[in-house]
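# Fold and contact review
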Amino acid sequence: MKIDSGTTAWMLAATALVLLMTPGLAFFYGGMTRAKSVLNMMMMSFVSIITVTIAWTIYGHSFAFGTNGNEFLNKFIGGLDAIGLQSLVDTATKDDGTGMPSLVFSAFQLTFAIITVALISGAIADRAKFGAWVVFSVVWATLVYFPVAHWVWGGGWLTQLGIEDFAGGTVVHVNAGAAGLALAFVLGKRTGWRKDPMRPHNLTLVLLGVGLLWFGWFGFNAGSELAVDGTAGLAFMNTQIATAVAAGAWILVEKLRDGHSTTLGVASGAVAGLVAITPACGFVDPWAAIVIGALAGAVCAYAVGLKYKMGYDDSLDVVGVHLVGGALGAISLGFFAAYPFLDPQATGLFYGGGLTQLGRQILGPVVVGLYSFVLAWIIGKIIDKTMGFRIPEEEEVTGIDITTHAETGYDLGSVHASGVSSVNGPVPSVAKKVEA
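Residues numbered from 1 in each chain as written. Predicted model: local features only at pLDDT ≥ 70, side-chain atom pairs only at ≥ 80, totals over all residues. Heavy atoms only, no water.

## Topic: the overall build of the protein chain
- When its secondary structure is counted, the protein chain shows 16 helices and 2 strands.
- Compactness check: the protein chain gives a C-alpha radius of gyration of 22 Å against a globular reference of 22 Å for 436 residues, within 12% of the reference.
- Judged by the C-alpha coordinates and their principal axes, the protein chain covers about 75 × 45 × 45 Å.
- Of all 436 residues assigned to the protein chain, the portion counted as buried reaches 55%. (Helix = DSSP H or I, 4+ residues; strand = E, 2+ residues; numbered from the N terminus. Rg over C-alpha atoms; globule rule 2.2 N^0.38 Å. Buried < 20%, exposed > 50% of the residue type's maximum accessible area, 1.4 Å probe, protein only.)

Dropping the structure here:
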């Protein structure tokens, strides 16, 4: 087995960076929920690491990147040639020594599958049965994520049509956003939605989470080049530019619209920029990353309000940020693509390209979004009718952390004005003053 040591070292690091994004997402989502739901929200991300890893090892890689002997069937799903990953041991992605071990490539792609599933959970915060979520994560990954990854990245029919997606605007973000919207309809609104305050309980966790996401996203985007070259550098730089601009655009919208800029806004804006640049990062010039970031920050700042107008409870704005931002980034390639991969002639309109590529870039998010929405709704409905997908109202009001996991995120006791804690007795600083 001949491999390129530099490429392999970078891809090992990039894989670790992308895996770190899921705990980062857990912090980000956990801080945005109410205090009584923080552990459950974080657990939904962590358990996705478990379920998707097992499914990917047994058959997921094979479905997404394997091949079968039927030319027509191979347009839609891979084969069984990599079941259990045994066939990847001691093999490389390229025969000429410029690639990496096949298992490193598989591990990198696994981390994408994990975070895609975890992203969906933000749409149903506070009210989903944990066991039902575990089942959904496996079934949705099997029936939706693995086939869609094959369509776009594994040589499937969308690849053959020439739809470009550098790092997952369609495969990851549109896919997850559409599924989140479907589950929001299946589970219904949270008890007290639009009546009770449901503000983020810990914005410091939100900022910590977005910091980890931003850090890990360099592996997500630059790593998707699968090599150490100029395109990886372009993707890296464009990721930083678009993210910073989008964060600034979001808080500018807040300032003009609401009179103040918020920490939640800067965090949400950063994620919107990361999402939107993902499909385009290796295909566009840095000036275009500024435009994409500005559009993402402004558009998504308004898109998160759609749930109030349309009446669906997308708890943590998966639709407004990931579905809208992912589609915006994918479609932007029809205008800004300077260095397309599948068809070097398929540049964006601003680079002399025609309408053909723009049409392809619109088709990708529409097809994937509809497929994901329909399948997620069907899977969710079946789970709801069989084992139940939503916790009882009294458990939701009490708090899903204590009723489902028998834990609470914060066990600090109650400190009274006298300085006495109902759990631990006198607060030390106060007790010293009393003794003095």
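## Section: the packing of aromatic side chains
- Scanning all chains against the criterion turns up 27 aromatic pairs.
- Judged by centre distance (6.5 Å) and plane angle (40°), the ring pair of Phe76 and Trp157 falls under tilted. Of this pair, Phe76 sits in the loop between helix H2 (38–65) and helix H3 (102–120) while Trp157 sits in helix H5 (residues 157–161); the two residues are 81 residues apart in sequence, bridging distant segments of the chain.
- With a relative accessible area of 21%, Trp157 lands in the partly exposed category. (Phe/Tyr/Trp six-rings, centres within 6.5 Å; stacked < 30°, edge-to-face > 60°.)

## Examining the packing of H3 against helix H6 (residues 169–187)
- It is the contact of H3 with H6, at a shortest axis distance of 8 Å, that shows an interaxial angle of 30°. Taken together, the axes of H3 and H6 lie roughly parallel to each other. Once H3 is placed against H6, the crossing between them reads as right-handed. Between H3, through Phe112, Thr116, Leu119 and Ile120, and H6, the contact on the second element is made entirely by Val171, Val172, His173, Ala176, Ala179, Gly180 and Leu183.
- Partitioning the contact of H3 with H6 into residue classes produces 8 nonpolar, 3 polar and no charged. (Axes fitted to C-alpha atoms, helices over the stretch in contact; angles between N-to-C directions. Parallel < 35°, antiparallel > 145°, perpendicular 65-115°, else oblique. Left-handed = near helix turned anticlockwise from the far one by under 90°. Contact = heavy atoms within 4.5 Å. Nonpolar A, V, L, I, M, F, W, Y, C, P; charged D, E, K, R; others polar.)

## Some points on H2
- Under the 1.5 Å per step criterion, the end-to-end length of H2 is only 36 Å for 28 residues, more than 12% shorter than the ideal 40 Å.
- Along its length, H2 shows its largest kink, about 70°, at Trp56. (Expected span 1.5 Å × (residues − 1). Bend = angle between axes of the 7 residues up to and from the residue.)

## Concerning the layout of surface pockets
- One number sums up the size of the largest pocket: a volume of about 750 Å³.
- Every element with two or more residues in the lining of the largest pocket is listed here: helix H8 (230–258), helix H9 (263–277) and helix H11 (306–310).
- Of all the elements, H8 adds the most residues to the lining of the largest pocket, at 4 residues.
- Looking at the lining of the largest pocket residue by residue, the class counts come to 12 nonpolar, 7 polar and 11 charged.
- Empty space within the second largest pocket amounts to approximately 580 Å³.
- Lining the second largest pocket are 22 residues; nearest its centre among them are Trp153, Phe166, Ser224, Leu226 and Phe341.
- Elements with a contribution of two residues or more to the lining of the second largest pocket: H3 and helix H4 (130–153).
- Sort the elements by how many residues they give to the lining of the second largest pocket and H3 lands first, with 4 residues. (1 Å grid on protein atoms, 1.4 Å probe; cavity = no way out; pocket = protein on both sides within 12 Å on 5 of 7 lines; lining within 4 Å. Points joined across faces, edges and corners; volume = space filled by probe spheres on them.)

## Some words on the UniProt feature "domain: Ammonium transporter AmtB-like" (unreviewed entry) in the protein chain
- As annotated by UniProt and renumbered to match this structure, "domain: Ammonium transporter AmtB-like" (unreviewed entry) occupies residues 9–410.
- Measuring from the first to the last C-alpha atom of residues 9–410 gives 40 Å, for a span that is 67% helix and 0% strand. (UniProt positions renumbered as here; feature names shortened; annotations may be inferred.)

## Structural notes on empty space enclosed by the protein
- If you walk through the whole model with that rule in mind, you get 2 cavities of 30 Å³ or more.
- Empty space within the largest cavity amounts to approximately 70 Å³.
- Considering the residues around the largest cavity, the lining is formed by Phe28, Met32, Ser268, Val271, Leu316, Asp317, Val321 and His322.
- Only helix H1 (5–32), H9 and helix H12 (318–336) provide two or more residues apiece to the lining of the largest cavity.
- By residue class, the composition of the lining of the largest cavity is 5 nonpolar, 2 polar and 1 charged.
- The calculated volume of the second largest cavity comes to roughly 50 Å³.
- Taken together, Met21, Leu25, Ile115, Leu119, Val172, His173, Leu213, Trp217, Phe220, Val271 and His322 make up the full set of residues lining the second largest cavity.
- Where the lining of the second largest cavity is concerned, the elements lending two or more residues are H1, H3, H6 and helix H7 (203–222).
- Among the elements that make up the lining of the second largest cavity, the one with the highest residue count is H7 (3 residues).
- Residue composition of the lining of the second largest cavity, grouped by class: 9 nonpolar, 2 polar and no charged.

## Side note on a nonpolar patch on the surface
- Taken together, the side chains of Phe185, Val374, Trp377, Ile378 and Ile382 define a hydrophobic patch exposed on the protein surface, amounting to about 450 Å² of accessible area.
- Broken down by element, the residue count for the nonpolar patch peaks at 4 residues, all from helix H13 (residues 355–386). (Patch = residues over 30% accessible without salt bridge, like charges linked within 9 Å, V, L, I, M, F, W, Y side chains within 5 Å. Areas by Shrake-Rupley, 256 points an atom, 1.4 Å probe, with all protein chains shown as cover. Salt bridge = Lys/Arg side-chain N within 4 Å of Asp/Glu carboxyl O.)

## Observations concerning the nonpolar core
- Formed by 104 residues in total, the largest nonpolar core has its most connected members in Phe28, Trp133, Phe136, Trp140, Phe220, Val284 and Phe389.
- Beyond its immediate sequence surroundings of up to four residues, Val284 is in contact with Leu234, Asn238, Ile277, Ala289, Ile292, Leu333, Phe336, Ala337, Ala338 and Tyr339.
- Residues Ala178, Leu181, Tyr312 and Leu323 belong to the second largest nonpolar core, which totals 7 residues. (Core = buried A, V, L, I, M, F, W, Y, C linked by side-chain atoms within 4.5 Å.)

## Structural notes on unusual backbone geometry
- Of note, the phi angle at Asp126 is positive, near 85°, even though the residue is not glycine.
- Of note, Asp126 is situated in the loop between H3 and H4.
- Accessibility expressed as a relative area gives 2% for Asp126, which makes it buried.
- Its identity as a non-glycine residue notwithstanding, Leu226 has a phi of 60°, on the positive side.
- Take Leu226: it is sitting in the loop between H7 and H8.
- Taking relative accessible area as the criterion, Leu226 reaches 28% and is therefore assigned partly exposed.

## Thoughts on H6
- Counted at 1.5 Å a residue, the expected span for H6 with its 19 residues is 27 Å, and the 26 Å between its end C-alpha atoms agrees.
- Burial runs high along H6: 18 of the 19 residues are buried.
- The positive-phi residue at the C-terminal boundary of H6 is Gly188, with phi of around 80°.

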